Amino acid sequence: MIDWQDLHYFAVLARTGSLSAAARELGVDHATVGRRVAALENMLDLRLIHRLPRSTSLTNDGLAISALAQGMEQSVHDIDRVARRLSKSTVATVRISAPPAVAVKLIAPHVAAFHDANPEIMLVLSGTAQNAALDRGEADIAIRMAKPEAAELLIRRIGAMHFGLYATTVVASGPEQGLKFIAYDAALDHLDQQVWLRAILAGRSIVFQASDLFGQLEAARAGLGAAVLPRFMGDSDPMLVELKTSVPPPVRDLWLTTYSDLRKVPAIRLVMTFLADIIGKACPMR
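Rules of the game
- Residues numbered from 1 in each chain as written.
- Predicted model: local features only at pLDDT ≥ 70, side-chain atom pairs only at ≥ 80, totals over all residues.
- Heavy atoms only, no water.
- Helix = DSSP H or I, 4+ residues; strand = E, 2+ residues; numbered from the N terminus.
- Buried < 20%, exposed > 50% of the residue type's maximum accessible area, 1.4 Å probe, protein only.
- Contact = heavy atoms within 4.5 Å.
- Areas by Shrake-Rupley, 256 points an atom, 1.4 Å probe, with all protein chains shown as cover.
- Lys, Arg positive; Asp, Glu negative; His and termini not counted.
- Charge placed at Lys NZ, Arg CZ, Asp CG, Glu CD.
- Phe/Tyr/Trp six-rings, centres within 6.5 Å; stacked < 30°, edge-to-face > 60°.
- Lys NZ or Arg CZ within 6 Å of the ring centre and 35° of its normal.
- Core = buried A, V, L, I, M, F, W, Y, C linked by side-chain atoms within 4.5 Å.
- pLDDT = per-residue confidence, 0-100.
- Expected span 1.5 Å × (residues − 1).
- Polar contact = N/O pair within 3.5 Å; in protein donor to acceptor, adjacent residues only side chain to side chain.
- Patch = residues over 30% accessible without salt bridge, like charges linked within 9 Å, V, L, I, M, F, W, Y side chains within 5 Å.
- Salt bridge = Lys/Arg side-chain N within 4 Å of Asp/Glu carboxyl O.

Once that is clear, we can look at the overall build of the chain. A count of helical and extended segments in the chain gives 11 helices and 11 strands. Once the C-alpha set of the chain is aligned to its principal axes, its extents read approximately 75 × 50 × 30 Å. Looking at the 286 residues of the chain, the share that counts as buried comes to 41%. A sequence separation of at least 24 residues applies to 72% of the contacts in the chain between residues at least 6 apart. For the chain, the accessible surface area stands at approximately 14900 Å², while carbon and sulfur atoms represent 56% of it. The chain carries 30 positive and 29 negative side-chain charges, and their two centres are separated by 4 Å.

Turning next to the packing of aromatic side chains. One pass over the structure, following the stated rule, counts one aromatic pair. Aromatic pair phenylalanine 114 and phenylalanine 274: ring centres 4.7 Å apart, planes at 40°, arrangement tilted. Of this pair, phenylalanine 114 sits in helix 6 (residues 111-117) while phenylalanine 274 is found in helix 11 (residues 266-282), placing the two residues 160 residues apart along the sequence. An identical accessibility class is assigned to phenylalanine 114 and phenylalanine 274; each is buried. Arginine 36 extends its terminal NZ or CZ atom over the ring of tyrosine 9, reaching a point 5.2 Å from the ring centre.

Here the focus is the environment of arginine 144. On the secondary structure map, arginine 144 appears in strand 5 (residues 141-144). Exposure remark for arginine 144: the relative accessible area of 12% places this residue in the buried category. Ignoring sequence-local partners within four residues, the contact set of arginine 144 consists of Asn131, Ala132, Leu134, Asp253, Leu254, Trp255 and Thr257.

Turning next to the nonpolar core. Counting 63 residues, the largest nonpolar core has Val102, Ile143, Leu165, Val271 and Leu275 as the members making the most contacts within it. Here this core gets nine residues from one element, more than from any other, and that element is helix 11. Contact partners of isoleucine 143, with chain neighbours within four places excluded, come to Ser97, Ala98, Pro99, Val102, Ile158, Leu254, Trp255, Leu256, Leu275 and Ile279. Leu7, Ala11, Val33 and Ala69 belong to the second largest nonpolar core, which has 15 residues in total.

Attention shifts here to the confidence of the model for the chain. Across the chain, the average pLDDT comes to 90, with 97% of residues at 70 or higher. Per-element confidence in the chain is highest for strand 9 (residues 226-230), whose mean pLDDT is 98, and lowest for helix 4 (residues 60-86), whose mean pLDDT is 80.

Turning next to helix 3 (residues 30-44). Counted at 1.5 Å a residue, the expected span for helix 3 with its 15 residues is 21 Å, and the 21 Å between its end C-alpha atoms agrees. Along helix 3, the positions that sit buried rather than exposed are Thr32, Val33, Val37, Leu40 and Glu41. On its buried side, helix 3 packs onto helix 1 (4-16), helix 2 (19-26) and strand 1 (49-51). Looking at where helix 3 begins, the residue whose side-chain oxygen comes 3.0 Å from the main-chain nitrogen of alanine 31 is aspartate 29. Taken from the residues just after helix 3, aspartate 45 is the one with a positive phi, measuring 60°.

Attention now moves to a nonpolar patch on the surface. Taken together, the side chains of Val207, Phe208 and Leu224 present a nonpolar region at the surface, about 220 Å² in accessible area. Relative to the assigned elements, valine 207 resides in strand 8 (residues 206-210).

Secondary-structure assignment places aspartate 6 in helix 1. Under the relative-accessibility criterion, aspartate 6 is labelled buried at 9%. Filtering out sequence-adjacent residues up to four positions away, aspartate 6 remains in contact with Arg36, Ala39 and Leu40.

Dropping the structure here:
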């Protein structure tokens with residue numbers, strides 16, 4: 001009989017493309033992934049992967065087995081989701097994925113109150129810039145800044161993230177033409193707020209780049225320059241003031257999404273209401 005765990009490790013490897021990426025997703029070291037895949041190869045008497053010094057690719061046999069394994073992996077996630085909907089258990093774990101700033105600044109400060117009111121629900125919060133794969137069980141509920149397109153998902157617009165340009169009072173009081181800017185790195189030039197920032201530079205310089213808002217926030221607080229921040233971050237920081245701009249700053253919608261069948265789970269409904277309430281208050285749709 002094929003060991004499902006071996007097949008599962010291989011499916012994750014095939015999907016992620018490398019031993020190290022598969023190991024990170026599975027929470028093990030890359031040697032364990034390699035052993036599991038080797039055990040599957042021995043069981044099937046097939047060579048599934050090319051083992052190269054810096055990469056791992058699938059053989060033709062590996063591609064064929066991978067297509068079947070991915071379908072089995074998805075079936076397991078579907079069974080888990082349906083079982084949670086049908087379960088009569090009074091204890092529930094609800095996994096939430098949200099952009100880092102939303103997770104840290106908006107959701108986390110309210111989880112104590114939610115726990116006091118709903119001690120039977122364990123919240124697991126993941127703040128990540130990458131969209132969680134709901135179809136692979138990485139989250140039950142996701143907050144996203146782009147509207148999901150999958151037909152099987154329940155999608156609800158729950159807020160609008162308004163941005164502004166923020167700096168310390170010392171920086172803000174300096175000459176406008178001498179203003180320096182803090183931005184995302186070039187890999188994120190496609191973001192609405194980065195496009196807007198570059199549109200208002202008017203020949204002025206970007207002096208620091210960071211891949212996340214928290215790095216930009218701290219640089220602005222240190223007096224390095226002006227950064228584009230969500231209003232719920234900039235307005236609440238006593239060290240920063242908003243700078244006026246000739247071009248209105250961008251607004252990005254916030255979307256709540258989950259699988260339609262999970263909405264029937266009482267714990268999921270409670271968490272969805274909780275998220276929509278706190279985010280709707282902090283990021284009103286106006």
